[in-house]
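# Overview (structure and organization)
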Amino acid sequence: MPGPEVRVFEQPSDLATEAAEFLVWLSQQRLTHRSSFHVALSGGSTPTALYQRLATNYAMHVNWPQVEWYFGDERCVPADHPDSNYRMAHQALLGPLRVPADRIFPMDGGNPNPYKAAEQYEEIIRRRVPADASGWPRFDLILLGLGDDGHTASLFPGSPALKVHDRAVVATEASRGVRRRLTLTVPVLNHARTVLFLVTGAEKAAAVFHVLEDPRADPLDYPAKFVAPREGRLLWYLDRSAAGRLSGTRQQLVFDEE
Ligand code: 6PG
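Criteria and thresholds
- Residues numbered from 1 in each chain as written.
- Predicted model: local features only at pLDDT ≥ 70, side-chain atom pairs only at ≥ 80, totals over all residues.
- Heavy atoms only, no water.
- Phe/Tyr/Trp six-rings, centres within 6.5 Å; stacked < 30°, edge-to-face > 60°.
- Helix = DSSP H or I, 4+ residues; strand = E, 2+ residues; numbered from the N terminus.
- Buried < 20%, exposed > 50% of the residue type's maximum accessible area, 1.4 Å probe, protein only.
- Lys NZ or Arg CZ within 6 Å of the ring centre and 35° of its normal.
- Axes fitted to C-alpha atoms, helices over the stretch in contact; angles between N-to-C directions.
- Parallel < 35°, antiparallel > 145°, perpendicular 65-115°, else oblique.
- Left-handed = near helix turned anticlockwise from the far one by under 90°.
- Contact = heavy atoms within 4.5 Å.
- Nonpolar A, V, L, I, M, F, W, Y, C, P; charged D, E, K, R; others polar.
- Near = heavy atom within 4 Å.
- Polar contact = N/O pair within 3.5 Å; in protein donor to acceptor, adjacent residues only side chain to side chain.
- Areas by Shrake-Rupley, 256 points an atom, 1.4 Å probe, with all protein chains shown as cover.

Further remarks concern the packing of aromatic side chains. For the structure shown, the criterion picks out 8 aromatic pairs. Arranged with centres 4.7 Å apart and planes meeting at 10°, the rings of tyrosine 70 and phenylalanine 105 form a pair that is stacked. With tyrosine 70 in strand E3 (residues 67–71) and phenylalanine 105 in the loop between helix H3 (85–94) and helix H4 (114–128), this residue pair connects regions lying 35 residues apart in the sequence. Accessibility assignment for this pair places tyrosine 70 and phenylalanine 105 in one class, buried. A connected cluster of aromatic rings, assembled from ring pairs, spans Phe9, Phe22, Trp25 and Tyr237. Above the face of the tryptophan 136 ring, arginine 126 is positioned so that its terminal group lies 5.0 Å from the ring centre.

Okay, the packing of helix H1 (residues 12–31) against helix H2 (residues 48–56) next. For the pair H1 and H2, interaxial distance at closest approach is 8 Å and the crossing angle is 55°. Classified by the interaxial angle, the pair formed by H1 and H2 is oblique. Remark: the crossing between H1 and H2 carries right-handed chirality. Together, Ser13, Ala16, Thr17, Ala19, Ala20, Leu23 and Val24 of H1 and Ala49, Leu50, Arg53 and Leu54 of H2 make up the contact between the two elements. Its residues assigned to classes, the contact of H1 with H2 shows 8 nonpolar, 2 polar and 1 charged.

What follows concerns the site of the ligand. Close to the ligand lie 15 residues; Thr46, Arg75, His151, Ala153 and Lys204 are nearest. Within the side chain of serine 45, one N or O atom sits 2.7 Å away from an oxygen atom of the ligand. With respect to the ligand, the backbone of alanine 153 contributes an N or O atom lying 2.6 Å from an oxygen atom. Summarising the interface, the protein chains cover 87% of the accessible area of the ligand, which totals 410 Å² for the free molecule. Taken together, the residues that form the shell around the ligand break down as 2 nonpolar, 9 polar and 4 charged.

Shown next, in the form of structure tokens:
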């Protein structure tokens, strides 16, 4: 299993542009021999700039109707709630890109029974996302963010969800913000073809260090450390601030590579 590919960008805007270029390239590659491209979107605020770029600068670069849009996690709020990840993605990307509703698969955050919502989403992704030889849904791309506490998706430090290995989606509790959540589990993340973390801001630097370079850090304390696709690519796109605690070799900025 190859290690993470870390790329450091001077500015968050450079990171968003490169992430858009990468997603477009990856979907074009995949769609040359597949009829669909299955991507799970990240919530939070970091990916907004990426989503806006895809919807504007790249609207003509991909046969978007061949893309199926899923979610890595969701807050248990209605779809029109300000805290809804679906709402953010629809405003920034799916609406402006005019994605038909039958290509969007949101988690049912508004369901008063999150456990039922998790079961329903599990059924959807197992039905629609092609499985690998081990029977796990294998997303073409999963976008993830990182909290300053090392959480990713809605997999929070110390959460029982971190020890789920027989389900693809679980209802869980967050230690901050909207408490009740739905999230993909570690096994699904680790069966993806490509996982791309997008992380910016100095407040994330300590968590980035513990996840990427601290051998003593326990994944139960820094859940993003569990993410290591068995047969897939793991990419970390960081801005210089978020990479501030990494060793010099990893401080190499992208434009230095070109
Ligand atoms: C969520 C996200 C979560 C997010 C991180 C980073 O539902 O909030 O899935 O994992 O990616 O908390 O959030 P920011 O991008 O807002 O810093």
